[in-house]
Amino acid sequence: MIRDPETLTLLLDTIGRFVREKLVPQEAHVAETDQIPDDIVQDMKEMGLFGMSIPEIYGGMGLTMEEEVLAGFEVAKTSPAFRSLFATNNGIGAQGIVIDGTEAQKQYYLPKIATGEIIGSFALTEPDSGSDAASLRTTALKDGDFYVINGTKRYITNAPEAGIFTVMARTSQAKGAEGISAFVVEKGTPGVLLGPIDKKMGQKGAHTCDVIFDNVRIPAANLIGGKEGVGFKTAMKVLDKGRLNIAAASVGAAERILQDALRYARERKQFGKAIGEFQLIQAMLADSHADIYAARCMVLDAARKRDEGRNVGTEAACAKMFASEMCGRVADRAVQIFGGAGYLVEYGIERFYRDVRLFRIYEGTTQIQQIVIARNLLRENRN
Ligand code: COS
């Protein structure tokens, strides 16, 4: 937690300057090469970005959720691939340990995650288990002081770079969520295999691939929280937080896209004047601004409630759904404002349009957020 407003302002200003001066100029290069340059990764480590949400006692910045989403707005004002590299360390790749890990697991892994020495990754999705996460088939069978893991995980963000995986696997024959446990699996363990890097529509520079567990023997001490059968709940709690981070990323990206659209609307002249003077263009700019404002308020409110210790499953799902859909609308309008230029690679707007499409899919599709929200409402309003 940052205890005084000046330090928080300084952090946000430092991130903002880093984004404008170091990351924005590299956006096209990263998209072309599908790689984030080493010096940028080093800068991110030195700035502490890999450990923003890791508690201070384990070497991180220990930001509150509110502080984290404020930082998230800033880091998202550039290609989402940059944030993606350190986002799993702050989010889904580490939070299983932060929220439910044993003290020994926290002490051993979190300091390395906080510095970026190792990248954390979250392995829930499988070839036949996506939105229906509780149907996963990967197994973890107890064998003395070990578990033996078998199965395949799919679309695993940062898997090619990861040092550890939070792996959800079935430890009992119990159906659905009940039989699922969560584990920390180190990449170097024999039998952990990576598939080829996925070729994606966008977010070049952020990598995903399959992770195959072929008779992977891990110490029983790597069972998160030391308890079987609660891994699905751990995954859901992790996603409640992760969804707020994606909502914050959607807000930041939309703010950047609107800035670019405003600049173009001021510069581009048609019919003898800047296109921003035409009311039909103004309507798109105004709608985008109002959309962003609404999403920003929603994300901050949900973050503050989480900091108060409240259950924000519904709020996180609302924020993720609204903000990611909002970002899609803002990107679509921006392409329209840019017109033909919006369709050209050199203007960069089409790249954002493709990049932000993922916000509506990963960490739970819009349709999954709708299910979460509606189910919670129906349950809460039961008399
Ligand atoms: N926090 C804590 N516990 C939670 C929870 C949350 N946010 N959400 C669910 N649970 C608990 C439930 O209370 C239930 O426990 P009890 O049986 O003890 O009451 C258990 O987990 C199972 O929950 P539920 O019955 O709701 O599970 P379903 O199989 O019906 O699935 C959805 C729930 C669809 C919401 C879940 O599968 C989901 O989020 N899917 C999307 C997965 C996803 O986001 N994937 C993205 C890839 S990861 S980047």
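Computed from a predicted structure; not experimentally measured. (Residues numbered from 1 in each chain as written. Predicted model: local features only at pLDDT ≥ 70, side-chain atom pairs only at ≥ 80, totals over all residues. Heavy atoms only, no water.)

(A) Spotlight on the domain arrangement of the chain. According to the domain assignment, the chain contains domain 1 (5-115), domain 2 (120-229) and domain 3 (233-380). Inter-centroid distance (C-alpha atoms) of domain 1 to domain 2 is 23 Å. In this complex, domain 1 contributes 22 residues to the contact, which on the side of domain 2 involves 21 residues. Across the domain 1 to domain 2 interface the summed buried area is about 1,700 Å²; carbon plus sulfur atoms make up 56%. Summed over the three residues of domain 1 that lose the most area to domain 2, namely Asp34, Gln105 and Tyr109, the buried surface amounts to 30% of that side. At the junction of domain 1 and domain 2, the tally comes to zero salt bridges. Here domain 1 is connected to domain 2 by twelve residue pairs in polar contact (both at pLDDT 80 or more). Contributions of two or more residues to the side of domain 1 that touches domain 2 are made by α2 (27-33), α5 (80-90), α6 (95-100) and α7 (103-115). The residue inventory of the side of domain 1 that touches domain 2, partitioned by class, reads eleven nonpolar, nine polar and two charged. (Domains from an automatic or database assignment. Contact = heavy atoms within 4.5 Å. Buried area = accessible area lost by both parts, 1.4 Å probe. Salt bridge = Lys/Arg side-chain N within 4 Å of Asp/Glu carboxyl O. Polar contact = N/O pair within 3.5 Å; in protein donor to acceptor, adjacent residues only side chain to side chain. Helix = DSSP H or I, 4+ residues; strand = E, 2+ residues; numbered from the N terminus. Nonpolar A, V, L, I, M, F, W, Y, C, P; charged D, E, K, R; others polar.)

(B) Looking closely at the packing of aromatic side chains. Using the criterion set out here, one finds nine aromatic pairs in the structure. Aromatic ring contacts, followed pair by pair, group Tyr264, Phe338 and Tyr347 into a single cluster. Above the ring of Tyr108, the side-chain terminus of Lys112 is found at 3.7 Å from the ring centroid. Over the face of the ring belonging to Phe322 we find Arg329, whose NZ or CZ atom lies 5.6 Å from the ring centre. (Phe/Tyr/Trp six-rings, centres within 6.5 Å; stacked < 30°, edge-to-face > 60°. Lys NZ or Arg CZ within 6 Å of the ring centre and 35° of its normal.)

(C) Summary view of the side chain of Gln105. On the secondary structure map, Gln105 appears in helix α7. What makes Gln105 buried here is its relative accessible area of 4%. One polar contact links the side chain of Gln105 to the main-chain carbonyl oxygen of Leu223, over a distance of 2.7 Å. Setting aside residues up to four positions removed in sequence, Gln105 forms contacts with Ile97, Leu110, Ala221, Asn222, Leu223, Ile224 and Gly225. (Buried < 20%, exposed > 50% of the residue type's maximum accessible area, 1.4 Å probe, protein only.)

(D) Looking closely at empty space enclosed by the protein. All chains considered together, the criterion is met by three cavities of 30 Å³ or more. Along the walls of the largest cavity sit Met52, Glu68, Val69, Gly72, Val75, Arg83, Phe86, Ala87, Asn90, Asn245, Ala248 and Ala249, which together make up its complete lining. Counted by class, the lining of the largest cavity contains seven nonpolar, three polar and two charged residues. Counting contributing residues per domain, the lining of the largest cavity is built from domain 1 (5-115) and domain 3 (233-380), each supplying no fewer than three. Volume-wise, the second largest cavity comes out at about 40 Å³. In terms of lining residues, the second largest cavity is bounded by Glu27, Val30, Ala31, Ser79, Gln203, Lys204, Arg351 and Asp355. Of all the secondary-structure elements, those providing two or more residues to the lining of the second largest cavity are α2 and α11 (349-355). Split by residue class, the lining of the second largest cavity holds two nonpolar, two polar and four charged. (1 Å grid on protein atoms, 1.4 Å probe; cavity = no way out; pocket = protein on both sides within 12 Å on 5 of 7 lines; lining within 4 Å. Points joined across faces, edges and corners; volume = space filled by probe spheres on them.)

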